[in-house]
Each structure stands twice: as structure tokens, then as C-alpha cells.
Amino acid sequence: RRRPLLACFGSGSARANGPRGMTLRFVLMVNKQGQTRLAQYYERQPMGERCALEAEVIRKCLSRTETQCSFFEYRGYKVVYRRYASLFFIVGVEGEDENELSILEFIHALVETLDRYFENVCELDIMFNLEKAHFILDEMVMNGCIIETNKNNVLAPIHLLDKAAAS
């Protein structure tokens, strides 16, 4: 059954002048069973370390209760996550001075952008359109820096590609 990600939280507008210059190290989308649906890394890591890091971060996020805050420190990373319906959106940043609330705002902007493109996005949309989900993320983040949070600006290039593919 398809469950929209924003069903529980409603949808507000993302900030056009969102967080800038964050040093993101990874972005993960994970379901409640701990299966990774999307993973994007912005620093080089050997595959073994990447798998171990991912497994441990996912395990920690899934084991936390709703009453606990949405961020914690792990292996020098500040991990910020938010759950939307059946998916966890997990972002790892490096540095003590990163603002957790701005990262939560980025996660929300990402979910709203995916929701606008897929029209009530769900886990299946991401699974079957992984390249488009990566494309949207790549329009928002470059080399670990958040460069765009405006939904219209993020979606304009993908809409052009969709038009070109349809003709």
C-alpha cells in the first residue's frame, strides 16, 4: 500500500534562502526495516567502512524512541534524522558548529521537493525512480554543500528532462 511521506506532518513551504555551506558527508533514505533505499556520500570511504558506518547509524536511528531528539554524535559525525511515514531521512555532517535545526530544515525541504515531483511520494517512488531521486538530491547538494532549497529551482531541470524524454 502506498503511504504518502507527508501524510503525518502536512506540508509547509520550504525556505527559499535555506541553509548554506553545510558540510554534509552522507545522505541516507532508509525504511523502517533498516533497508537502505538511497545512499549518497560526499567523501571517499572504503566500501567496508561505508557499510559498517551505514549499518551502525541505521541501527542507532531505528532504535531511538520518538521522545528522543533527532540528532546524535557518532564517529566524529553529527547525525541528524527525521522520519516521514515509513522512511527515515538521515544526514551526517562533520563539525561541531553545524546547526542541527538547519539540517532538519534541509531534510524537510528535500522531502517536500520529492513530494512535489512524485505527487505524494512514497518508498516505492524512490525505489522505482532512484535516478530521479538522486538527480533531485544532486540539484540540492553539491560536494557536501547545500546549494539550493527552492523547490521550483530544483525541479526545473528535471521537468526539462522529462519534457525532452516525452518528445
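Residues numbered from 1 in each chain as written. Predicted model: local features only at pLDDT ≥ 70, side-chain atom pairs only at ≥ 80, totals over all residues. Heavy atoms only, no water.

### Some points on the overall build of the chain
Here's step 1: Helix and strand content of the chain: 5 helices and 7 strands.
Here's step 2: Counting helices and strands in the order they occur from the N terminus, the chain gives β-β-α-β-β-β-α-α-α-β-β-α.
Here's step 3: Looking at the 167 residues of the chain, the share that counts as buried comes to 46%.
Here's step 4: By sequence separation, contacts in the chain at least 24 residues apart represent 60% of the contacts at least 6 residues apart.
Here's step 5: Accessible area for the chain stands at about 8,700 Å²; split by element, carbon and sulfur atoms hold 50% of it. (Helix = DSSP H or I, 4+ residues; strand = E, 2+ residues; numbered from the N terminus. Buried < 20%, exposed > 50% of the residue type's maximum accessible area, 1.4 Å probe, protein only. Contact = heavy atoms within 4.5 Å. Areas by Shrake-Rupley, 256 points an atom, 1.4 Å probe, with all protein chains shown as cover.)

### Points about the sheet that holds strand β5 (residues 87-94)
Here's step 1: Across the sheet, 5 strands lie side by side as β2-β1-β5-β4-β3; this open sheet has antiparallel pairing. Strands with a single pairing partner mark the edges of an open sheet, and in this sheet they are β2 (36-41) and β3 (71-74). For this sheet, the mean inter-axis angle between neighbouring strands, taken without regard to orientation, is 20°.
Here's step 2: Bridge count between strand β1 (residues 24-31) and β5: 7 bridges; the pairing is antiparallel. Along β5, the bridge assignment pairs V27 with V91.
Here's step 3: On top of the sheet, helix α1 (residues 47-63) reaches β1, β2, β3, β4 (77-84) and β5; it is set at about 145° to β3, its chief contact.
Here's step 4: Relative to the sheet, helix α4 (residues 130-140) contacts β1 and β2, its axis offset from that of β2 by approximately 35°. (Pairing = 2+ DSSP bridges. Axes fitted to C-alpha atoms, helices over the stretch in contact; angles between N-to-C directions.)

### Observations concerning the side chain of E98
Here's step 1: In this fold, E98 is placed in the loop between β5 and α2 (100-118).
Here's step 2: It is K78 that comes nearest to the buried, bridge-free E98 among opposite-charge side chains, at 7.4 Å.
Here's step 3: At 2.8 Å, the side chain of E98 forms a polar contact with the side chain of T23. (Lys, Arg positive; Asp, Glu negative; His and termini not counted. Salt bridge = Lys/Arg side-chain N within 4 Å of Asp/Glu carboxyl O. Polar contact = N/O pair within 3.5 Å; in protein donor to acceptor, adjacent residues only side chain to side chain.)

### Description of the nonpolar core
Here's step 1: Counting 32 residues, the largest nonpolar core has L24, F89, F106, I107, L110, L114 and I136 as its most contacted members.
Here's step 2: Counting only elements with at least two residues in this core, the list comes to β1, β4, β5, α2, α4 and α5 (151-166).
Here's step 3: When residues in this core are grouped by element, the largest group, 10 residues, is from α2.
Here's step 4: Not counting residues up to four positions away in its chain, the partners in contact with L110 are V27, M29, F89, I136, L137 and M140. (Core = buried A, V, L, I, M, F, W, Y, C linked by side-chain atoms within 4.5 Å.)

### A short note on the packing of aromatic side chains
Here's step 1: Summed over the entire model, instances satisfying the criterion amount to 6 aromatic pairs.
Here's step 2: Ring centres of F26 and Y41 lie 5.9 Å apart, and the angle between their planes is 40°; this geometry places the pair in the tilted category. Here F26 is found in strand β1, whereas its partner Y41 is found in strand β2, with 15 residues between them in sequence. There is no split in this pair, since F26 and Y41 are both buried.
Here's step 3: Here the aromatic rings of Y81 and F88 are separated by 6.3 Å at their centres, their planes lie at 45°, and the arrangement is tilted.
Here's step 4: Using a relative accessible area of 6% as the deciding quantity, one classes Y81 as buried. (Phe/Tyr/Trp six-rings, centres within 6.5 Å; stacked < 30°, edge-to-face > 60°.)

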